[in-house]
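Each chain is listed here by its residues.
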Amino acid sequence: QSNMVKVACLGAGYVGGPTCAVLALKAQVQERIAGWNSNELPIYEPGLHEVVMQCRGKTLFFTTDIKKAIQEADIVFVSVQTPTKKTGIGAGVASDLTYIESCARTIAEHSESDKIIVEKSTVPCGTASVIQTILKANNPKGLKYQVLSNPEFLAEGTAIDDLMNPDRVLIGSNTDAGGLEAAQKLKSLYAAWVEPSKIFLVNTWSSELSKLAANAMLAQRVSSVNALSALCEVTGANVSEVTRACGMDQRIGKHFLQASLGFGGSCFQKDIQSLVYISQSLHLNEVADYWRQVMTINDYQKVRFVKRIISRMFDTVTHKKIAVLGFAFKKNTGDTRETAAATVVRLLAQDNANVFVYDPKVKEDSMLFELRQGVSEQEFQQIQKKITHSKSVLEACSGADAVVICTEWDEFKDTNMNYEEVYKVMRKPAFLFDGRLIVNASKLSKIGFQVEVIGSASSQKHDTRFYKEE
Ligand code: UDX
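None of the values given here were measured: they were computed from a predicted structure.

Re the environment of R251
Turning to step 1, where the next piece is worked out: Note that R251 resides in the loop between α9 (239-247) and α10 (268-281).
Turning to step 2, where the next piece is worked out: The exposure class assigned to R251 is exposed, which follows from its relative accessible area of 77%.
Turning to step 3, where the next piece is worked out: Separated by 110 residues in sequence, R251 and K141 have C-alpha atoms that sit 53 Å apart.
Turning to step 4, where the next piece is worked out: Separated by 2.8 Å, the side chains of R251 and D249 make a polar contact.

Pasting the structure below:
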């Protein structure tokens, strides 16, 4: 018991919660007290409930007693949020480090023994050194602090599996003896279930930059595919065929090449903006422009999808009922941050459609919270009047002129959902816009739907409306 490593984790969101749950399960780590103690955990992740139930109260504890948690820990994980700044210098691009700084100050205030601080939040490069500076400046007892960067690569919806079987674990440290020793200590925690060859020790800057780089490169893949999808729609090429053909080249690889109505989530946009901001601050304007373009294509894709919807529905959606299926930024999560669906819903509502949204995991208040982002209170009031949160697919689709698929939930696949029934309850012509490439267009066309899929030409070949440029 006495030589068991104790880990405290500051932050219990999408990274902190699952990471510590798996750590507790695999590494038999001792942590402190109560918190996530109900049967309905604050976030949804496949497999998370089971892991938490197995460890909670034994090796996994949730607490609000931050002082005690810090004092007892040998290692402190910091996984608090670092949202993009909304106001002030760097608004819209720079990360807000308020929570990170406050963690560093809290750690300094309560520590009574040497600590290893592990930065798990995605942060701008140089943050580890900021934490180190704050700790150094507030260290009356002369404690030894080592700050490590250990970015989390889990994706939402697959968090537990990603944590159990990571492609790599990246640990960044100072390259002096103290830094390397701390890195080894953290490595030994992961070594309980991760092959040593997959644990990669690097310097702090490399680690911090790699996290931004990995997300930027993933987002760039999606924007590349989505840029091609626009080209496919006007030429008759089919984006699924194009991406399959490209992905079969092993140098390109087949993963993460799915065309969509645009990427969302709390990471991609924020991390690209962070990369743009660093590049700009260092006067690397061409580099900033290069990464900014990934976002430009993403914004373009969302708007383009809505333009296609309106254009195909005889150039007007005023007073038409539109069923939006899926609001989460991807399947298997209830997270709505930066979801492309919000842009779609807002634009349709602003064009006077009556939008009915159904999502198996998204609650009404999180939907409304996300819709409120980036618009004035007055605009939001107008939008809100046009939006209803539906309890079922049929409720959303009944009397609707169009179904718009925004999230690739399995239950929306044509193999799982009864589209004949949906078709029956809709107004005719019944449109179906697939923003996720999950339905078989020819099968649904046979039922009677006018199907429009991202990345392939309009089903109405004679209709030139869609090609018009504004
Ligand atoms: C991402 C990274 O994958 C993860 O490694 C990092 O730790 C956090 O950011 P996450 O945001 O949870 O994870 O989800 P991800 O699966 O990457 O999807 C992001 C967005 O891209 C989603 O909206 C998704 O629908 C979209 N996407 C993804 C596509 O449109 N096409 C694809 O081929 C893949």
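Once the structure has been displayed, the description carries forward.
Some words on the UniProt feature "active site" (unreviewed entry) in the protein
Turning to step 1, where the next piece is worked out: The residues that UniProt annotates with the feature "active site" (unreviewed entry) are C267.
Turning to step 2, where the next piece is worked out: Here C267 is to be found in the loop between α9 and α10.
Turning to step 3, where the next piece is worked out: The exposure class assigned to C267 is partly exposed, which follows from its relative accessible area of 30%.

Considerations on the packing of helix α13 (residues 364-372) against helix α14 (residues 377-385)
When two helices pack together, their arrangement is captured by the angle between the axes and the distance separating the axes.
Turning to step 1, where the next piece is worked out: Where α13 meets α14, the closest approach of the two axes is 10 Å, and the angle between their N-to-C directions is 135°. It follows that α13 is oblique to α14 by the angle criterion. By crossing handedness, the relation of α13 to α14 is classed as right-handed. Here L368, L371 and R372 of α13 come into contact with α14, specifically with E377, F380 and Q384.

Some details on the packing of aromatic side chains
Turning to step 1, where the next piece is worked out: In the structure shown here, the tally under the stated rule is nine aromatic pairs.
Turning to step 2, where the next piece is worked out: Ring centres of Y290 and W291 lie 5.1 Å apart, and the angle between their planes is 80°; on these two criteria the pair is classed as edge-to-face.
Turning to step 3, where the next piece is worked out: W291 sits in the buried class, given a relative accessible area of 13%.
Turning to step 4, where the next piece is worked out: On the basis of an interplanar angle of 70° and a centroid distance of 5.2 Å, the ring pair of Y423 and F449 is categorised as edge-to-face. Placement of the pair is Y423 in helix α16 (residues 419-425) and F449 in the loop between α17 (441-447) and β12 (450-453), with a sequence separation of 26 residues.

Here we look at the sheet that holds β12
Turning to step 1, where the next piece is worked out: Read across the open sheet, the six strands follow the order β9-β8-β7-β10-β11-β12; overall the sheet is parallel. Here the strands that pair on one side only, and so sit at the sheet edges, are β9 (387-389) and β12. Strand-to-strand twist of the sheet, defined as the mean angle between neighbouring strand axes without regard to direction, takes the value 20°.
Turning to step 2, where the next piece is worked out: As paired elements, strand β8 (residues 354-358) and β9 share three bridges and run parallel to each other. Bridge pairing in β9 places F356 opposite T388.

A closer look at the packing of helix α8 (residues 204-235) against α10
Turning to step 1, where the next piece is worked out: At a minimum axis separation of 9 Å, α8 and α10 run at an interaxial angle of 120°. When the axes of α8 and α10 are compared, the pair comes out oblique. The handedness of the crossing between α8 and α10 is left-handed. Listed contacts from α10 to L209, K211, L212, N215, A216, L218 and A219 of α8 are F268, D271, I272, S274, L275 and I278.
Turning to step 2, where the next piece is worked out: For the contact of α8 with α10, a count of residues per class yields nine nonpolar, two polar and two charged.

Focus on helix α5 (residues 127-137)
Turning to step 1, where the next piece is worked out: Restricting attention to buried positions, one finds in α5 the residues T127, A128, I131, I134 and L135. One side of α5 holds all its buried residues, which, seen down the axis, span an arc of 125°. Of the exposed residues in α5, those oriented more than 90 degrees away from the buried face are T133, K136 and A137.
Turning to step 2, where the next piece is worked out: Among the structural elements, α4 (98-110), β3 (115-119), β4 (145-149) and α8 are those in contact with the buried residues of α5.

A few points about the pattern of salt bridges
Turning to step 1, where the next piece is worked out: Counted according to the given criterion, the structure contains 17 salt bridges.
Turning to step 2, where the next piece is worked out: A salt bridge links E101 to R105; the nearest nitrogen and oxygen atoms lie 2.9 Å apart. With E101 and R105 both in helix α4 and four residues apart, this pair spans about one turn of that helix.
Turning to step 3, where the next piece is worked out: Overall, the relative accessible area of 35% leaves E101 in the partly exposed class.
Turning to step 4, where the next piece is worked out: Put simply, K331 and D410 hold a salt bridge, and the shortest N to O gap is 3.0 Å. Taken together, the positions of K331 in the loop between β7 (321-325) and α12 (340-350) and D410 in the loop between β10 (402-405) and α16 put the pair 79 residues apart, joining distant regions of the chain.
Turning to step 5, where the next piece is worked out: One salt-bridge network, held together by shared partners, links E233, R304, R308, R312 and E452.

So, the environment of A342
Turning to step 1, where the next piece is worked out: Note that A342 resides in helix α12.
Turning to step 2, where the next piece is worked out: Since its relative accessible area comes to 2%, A342 is described here as buried.
Turning to step 3, where the next piece is worked out: A sequence separation of 15 residues divides A342 from F327, and the C-alpha atoms of the two residues are 7.1 Å apart.
Turning to step 4, where the next piece is worked out: Setting aside its immediate chain neighbours within four residues, A342 contacts F327, E370 and L371.

Thoughts on the pairing of strand β11 (residues 431-434)
Turning to step 1, where the next piece is worked out: Burial along β11 is two-sided: F431 and F433 facing one way and L432 and D434 facing the other are all buried.
Turning to step 2, where the next piece is worked out: Where β10 lies against β11, four bridges are found, and the strand directions are parallel. The residue bridging I405 from the neighbouring strand is D434, located in β11.
Turning to step 3, where the next piece is worked out: Crossover handedness for the path β10 to α16 to β11: right-handed.
Turning to step 4, where the next piece is worked out: Judged from the four bridges that link them, β11 and β12 form a sheet pairing that is parallel. Along β12, the bridge assignment pairs L432 with V451.
Turning to step 5, where the next piece is worked out: Read from β11 through α17 to β12, the crossover connection turns out right-handed.

Here's the deal with the pairing of β4
Turning to step 1, where the next piece is worked out: Of all five residues that make up β4, five are buried, and the element is covered over most of its length.
Turning to step 2, where the next piece is worked out: Residues Y145, V147 and S149 line one face of β4 and the alternating positions Q146 and L148 line the opposite face, and both faces are buried.
Turning to step 3, where the next piece is worked out: As paired strands, β3 and β4 are joined by five bridges and run parallel to one another. For V118, the partnering residue across the bridge sits in β4 and is L148.
Turning to step 4, where the next piece is worked out: Following the backbone out of β3, through α5 and into the adjacent parallel β4, one traces a crossover that is right-handed.

Definitions and cut-offs
Residues numbered from 1 in each chain as written. Predicted model: local features only at pLDDT ≥ 70, side-chain atom pairs only at ≥ 80, totals over all residues. Heavy atoms only, no water. Helix = DSSP H or I, 4+ residues; strand = E, 2+ residues; numbered from the N terminus. Buried < 20%, exposed > 50% of the residue type's maximum accessible area, 1.4 Å probe, protein only. Polar contact = N/O pair within 3.5 Å; in protein donor to acceptor, adjacent residues only side chain to side chain. UniProt positions renumbered as here; feature names shortened; annotations may be inferred. Axes fitted to C-alpha atoms, helices over the stretch in contact; angles between N-to-C directions. Parallel < 35°, antiparallel > 145°, perpendicular 65-115°, else oblique. Left-handed = near helix turned anticlockwise from the far one by under 90°. Contact = heavy atoms within 4.5 Å. Phe/Tyr/Trp six-rings, centres within 6.5 Å; stacked < 30°, edge-to-face > 60°. Pairing = 2+ DSSP bridges. Nonpolar A, V, L, I, M, F, W, Y, C, P; charged D, E, K, R; others polar. Arc of directions from axis to C-beta. Salt bridge = Lys/Arg side-chain N within 4 Å of Asp/Glu carboxyl O. Right-handed = clockwise from strand over helix to strand, strands pointing away.

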